[in-house]
Amino acid sequence: MFRLDPEEKRRYSNISQCLMLGTLTSKDNLNGPTDEPVMPRGHSNNPQFFIKPVSPEPVPLLELNDMLLERNLSPLYIGLTDNNLRFPRNFYPAGYTYTYDLDKRIESLRSRLENKLIVFRPQVNYMTAADGYSEKIFKNLEIKNIDEGYKEGAEYVSVPKLTMGISSWESSLQSGKALRFQDYYFHAEGPKYVICGEYLYKLNGNWKDSVDQGWAYESLLETVERVKIDPDAISEFQIYGSDNLVFLDRKYLYEINSTFTQVGNSEKERLEVKQDITIGTSSQQNNEDEVDQDEINYDDLESQFLEHLKTLGESKGLFYHMNDLVNFHVSVKTNPITVLAGMSGTGKSQLALLYAEAMGLKQEKNTLLVLPISPSYTEPSDLLGYLNASTGLYVPSDTGFVEFLKHAKDHPEQMHIVAFDEMNLSQVEYWFAPFISILELPENQERKLRLYNKETATCHNRANYPDSIGIGDNIVFIGTANIDETTKNFSDRFLDRANIVTLRKLSFSSLLEREFVEPTKPLISFGSKDVFTNWSSKDLAISAFSLEELKFFDEIHDIIQQYDYQKGVSHRVIRKIGEYLNSIPLNQQGKPYLDRKIVIDLQCKQRILTKIRGSSEQFQKLIGVASENQGNVQQSELFDLFTSDRAREISDFEFTLYEIHRKAREMAIHDYAS
């Protein structure tokens with residue numbers, strides 16, 4: 001037993017800022033003869049497990065390891081399963097929470113972690129010993145990801161991944177500017193390798209730790225080398241930590257060591273550096289000023305974008321509620337597809353185009369595709385094209401969709417928008433079917449759209465039209481939809497993956513008070529993928545909710561299930577609502593644009609009520625009836641739930657109750673609610 005002084009504890013307080021990589025330890029690394037890699041924890045039915053690091057530890061932890069080993073204590077990390085913040089539920093083994101049998105839990109947890117790579121944030125915790133003075137010290141961890149790419153004996157290097165432009169990065173190195181590497185602990189040795197743009201850099205010089213500001217490179221730029229990354233070659237040796245840090249296998253670094261070249265070694269390379277800027281300036285600036293992403297505050301940048309979106313619309317005579325613009329924006333950045341719905345003439349199509357223009361995306365640059373949907377579309381080939389079996393040629397559709405997808409793949413640093421106009425004139429699930437499943441996969445998995453089967457078909461123009469196209473997260477899908485007798489309903493499968501945003505019509509009298517404004521001029525391109533993706537939170541979705549909110553969603557689900565067991569509140573819906581809550585932008589005063597209670601209200605309306613539609617025979621008691629345009633809904637379980645005291649503690653549910661009333665009114669008139 002020993003006790004740390006306050007200064008030592010201060011050094012450990014920021015340890016959790018970094019990411020590390022580890023594996024479940026073997027029995028040989030444990031102290032006691034009865035210890036196992038996964039074993040009981042005291043008298044609890046929640047087991048504990050032991051993780052050994054396979055990436056470097058920060059210097060303070062290495063010093064702590066020496067102290068522990070001197071006292072015959074284990075330097076391994078102890079993982080706990082009784083704290084959801086340390087072991088998130090989405091990483092639990094299947095069925096783990098439904099059994100309290102300790103042996104079964106240990107076995108299932110062992111199977112979940114064995115031969116896996118665990119991305120985690122280290123923690124140092126203390127407990128006062130029995131003598132009342134000494135302290136027990138524990139190395140714990142918070143799991144961030146579990147990766148299947150385990151290789152026996154492999155060791156990894158933590159490699160920061162920068163979002164700044166290559167020119168800014170190399171200039172910062174040369175000038176000795178202090179740099180912060182997110183998810184890389186700064187009380188360690190300075191990074192040996194850094195990824196910036198399409199290059200992997202090797203830094204052979206020395207770093208100076210400036211503590212509060214980060215690291216400053218003390219050596220000359222001539223001590224820096226780089227190599228262009230081959231995405232296919234590196235994928236086998238790279239483990240994703242976060243958007244700011246990856247882990248590279250030492251074996252890979254050893255194999256490519258001879259391919260590094262000195263930065264600025266030739267005039268050609270110096271020219272490439274100047275031209276290689278991840279985020280360009282706007283056309284108004286003519287690239288006169290370089291934007292240094294290291295100094296960009298993404299909250300401020302997002303606020304600038306929203307204000308630019310609003311003023312750009314007003315300069316064109318398009319007026320929207322600011323809440324609607326924010327709701328639409330957050331829906332777009334947290335969902336694979338967002339649908340603008342509502343009555344005709346509210347500016348749905350114009351908003352989709354306005355949003356693209358505000359991002360700097362244009363049809364002539366092939367970063368925007370407007371695709372009117374025809375009632376005749378019945379299958380994906382209507383949009384994509386087909387392989388002509390008799391000629392062996394791939395015949396692309398006149399829509400230009402395939403060329404657009406190829407452009408997005410070839411320009412991964414640039415955002416692209418596809419706008420499906422009146423997308424429900426035909427059944428969406430028919431022509432959009434391949435994308436519905438693909439877009440649910442994370443980008444680090446293979447998200448490929450198959451055009452034809454290369455094993456069974458011959459394609460003579462394969463060089464121009466490969467058998468498959470990768471779909472990156474630099475593509476945003478936006479649709480517009482009218483809800484009337486000429487259109488098709490969306491299926492629950494589609495609604496589970498989409499946010500349905502209904503725009504409100506501004507009063508005509510309020511338009512008289514509007515004045516023409518000049519749109520704000522952005523200083524950088526909002527269409528950069530680096531900018532757009534940094535506007536979405538990386539926090540765990542479930543962490544957005546309180547326990548009472550989760551219980552309330554469980555209650556909504558249980559009530560709906562009584563009337564149709566195929567409907568309810570799915571895990572996907574909860575995850576997407578959580579991602580929305582975590583990604584609400586901040587205004588220039590640092591406050592959220594949308595109040596949390598309003599967001600929960602909007603999400604209940606957009607993601608849950610959209611799936612409740614059907615006859616009075618099935619849903620009347622769930623929805624109720626309303627015989628008047630004003631007044632309460634009668635005999636409605638949903639209305640009663642959303643007006644209960646426990647609901648009012650979460651939100652006023654103004655939009656949700658209005659939608660229930662609309663459906664109940666429709667039920668009273670037509671015996672059917674849509």
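Here we summarise the structure given alongside this text. Bear in mind that the values here come from a model prediction, so they are computed numbers and not experimental data.

Conventions used here
- Residues numbered from 1 in each chain as written.
- Predicted model: local features only at pLDDT ≥ 70, side-chain atom pairs only at ≥ 80, totals over all residues.
- Heavy atoms only, no water.
- Pairing = 2+ DSSP bridges.
- Helix = DSSP H or I, 4+ residues; strand = E, 2+ residues; numbered from the N terminus.
- Axes fitted to C-alpha atoms, helices over the stretch in contact; angles between N-to-C directions.
- Contact = heavy atoms within 4.5 Å.
- Parallel < 35°, antiparallel > 145°, perpendicular 65-115°, else oblique.
- Left-handed = near helix turned anticlockwise from the far one by under 90°.
- Nonpolar A, V, L, I, M, F, W, Y, C, P; charged D, E, K, R; others polar.
- Patch = residues over 30% accessible without salt bridge, like charges linked within 9 Å, V, L, I, M, F, W, Y side chains within 5 Å.
- Areas by Shrake-Rupley, 256 points an atom, 1.4 Å probe, with all protein chains shown as cover.
- Salt bridge = Lys/Arg side-chain N within 4 Å of Asp/Glu carboxyl O.
- Lys, Arg positive; Asp, Glu negative; His and termini not counted.
- Charge placed at Lys NZ, Arg CZ, Asp CG, Glu CD.
- Buried < 20%, exposed > 50% of the residue type's maximum accessible area, 1.4 Å probe, protein only.
- Phe/Tyr/Trp six-rings, centres within 6.5 Å; stacked < 30°, edge-to-face > 60°.
- Lys NZ or Arg CZ within 6 Å of the ring centre and 35° of its normal.
- Polar contact = N/O pair within 3.5 Å; in protein donor to acceptor, adjacent residues only side chain to side chain.
- Expected span 1.5 Å × (residues − 1).
- Arc of directions from axis to C-beta.

### Some details on the sheet that holds strand β16 (residues 337-341)
- Read from one edge of the open sheet, 5 strands run β17-β20-β23-β16-β24, paired in parallel fashion. Single-partner strands in this sheet number two, and they are β17 (368-372) and β24 (498-502). Going from strand to strand, the sheet's axes swing by 20° on average, the running direction of each strand aside.
- One ladder, built from 5 bridges, connects β16 with strand β23 (residues 475-481); its direction is parallel. Looking at β23, one finds that Ala 341 is bridged to Ala 481.
- Across the sheet, helix α10 (residues 348-358) is in contact with β16, β17, β20 (416-421) and β23; its angle to β23 comes to roughly 165°.

### Things to note about the packing of helix α8 (residues 298-315) against helix α9 (residues 322-334)
- Contact pair α8 / α9: the axes reach a minimum separation of 11 Å and the direction vectors enclose 125°. One finds that α8 runs oblique with respect to α9. The element α8 and its partner α9 pack so that their crossing is right-handed. Across the interface between the two elements, Glu 302, Phe 305, Leu 306, Glu 307, Leu 309 and Lys 310 from α8 touch Met 322, Leu 325, Val 326, His 329 and Lys 333 from α9.
- Counted by class, the contact of α8 with α9 contains 6 nonpolar, 1 polar and 4 charged residues.

### Observations regarding the sheet that holds strand β8 (residues 193-196)
- Sheet architecture is open: 7 strands sit in the order β13-β14-β7-β8-β9-β12-β15, paired in mixed fashion. Single-partner strands in this sheet number two, and they are β13 (238-242) and β15 (261-262).
- With 5 bridges joining them, strand β7 (residues 156-162) and strand β14 (residues 245-249) adopt antiparallel strand pairing. Residue pairing in the sheet places Pro 160 in a bridge with Leu 245 of β14.

### Section: a positive patch on the surface
- Together, Lys 409, Lys 448, Arg 450 and Lys 454 line one region of the surface with positive charge.
- Along the chain, the position of Arg 450 falls in strand β21 (residues 448-450).
- For Arg 450, a relative accessible area of 57% gives the class exposed.

### Considering the pattern of salt bridges
- Throughout the structure, instances matching the rule amount to 26 salt bridges.
- Here Asp 492 makes a salt bridge to Lys 567, at a shortest N to O gap of 2.7 Å. Here Asp 492 is found in helix α15 (residues 492-495), whereas its partner Lys 567 is found in the loop between α18 (547-561) and α19 (571-582), with 75 residues between them in sequence.
- With a closest N to O distance of 3.2 Å, Asp 496 and Arg 572 form a salt bridge. Within this pair, whereas Asp 496 is found in the loop between α15 and β24, its partner Arg 572 is found in helix α19, the two being separated by 76 residues in sequence.

### Thoughts on the packing of aromatic side chains
- The tally for this structure, following the rule as stated, stands at 34 aromatic pairs.
- Here Phe 526 and Trp 535 contribute two aromatic rings whose centre-to-centre distance is 6.1 Å and whose plane-to-plane angle is 40°, an arrangement assigned as tilted.
- Look at Phe 526 and you get buried, because its relative accessible area is 2%.
- Relative accessible area serves as the criterion here: at 3%, Trp 535 is assigned to the buried category.
- An aromatic cluster of three or more residues is present, and its members are Trp 169, Phe 181, Tyr 184, Tyr 199, Tyr 201, Trp 207, Trp 215 and Tyr 217.
- It is Arg 226 that lies over the ring of Tyr 199; its NZ or CZ is 3.7 Å from the centre.
- Sitting over the ring of Tyr 465, Lys 406 keeps its end group 4.8 Å from the ring centre.

### What about the side chain of Lys 202?
- With respect to the element layout, Lys 202 can be found in strand β9 (residues 199-203).
- Assessed through its relative accessible area of 8%, Lys 202 is described here as buried.
- Side chain to side chain, Lys 202 and Asn 257 meet in a polar contact 2.5 Å long.
- Once you skip the residues sitting within four places of it in the chain, Lys 202 turns out to touch Lys 192, Tyr 193, Thr 223, Val 224, Glu 225, Asn 257 and Phe 260.

### Details of helix α2 (residues 59-70)
- The first and last C-alpha atoms of α2 sit 17 Å apart over 12 residues, in line with the 16 Å expected at 1.5 Å per residue.
- If you check which residues of α2 are buried, you get Pro 60, Leu 61, Leu 64, Asn 65, Met 67 and Leu 68. One side of α2 holds all its buried residues, which, seen down the axis, span an arc of 165°.
- With its phi angle positive at about 60°, Asn 72 sits one or two positions after the end of α2.

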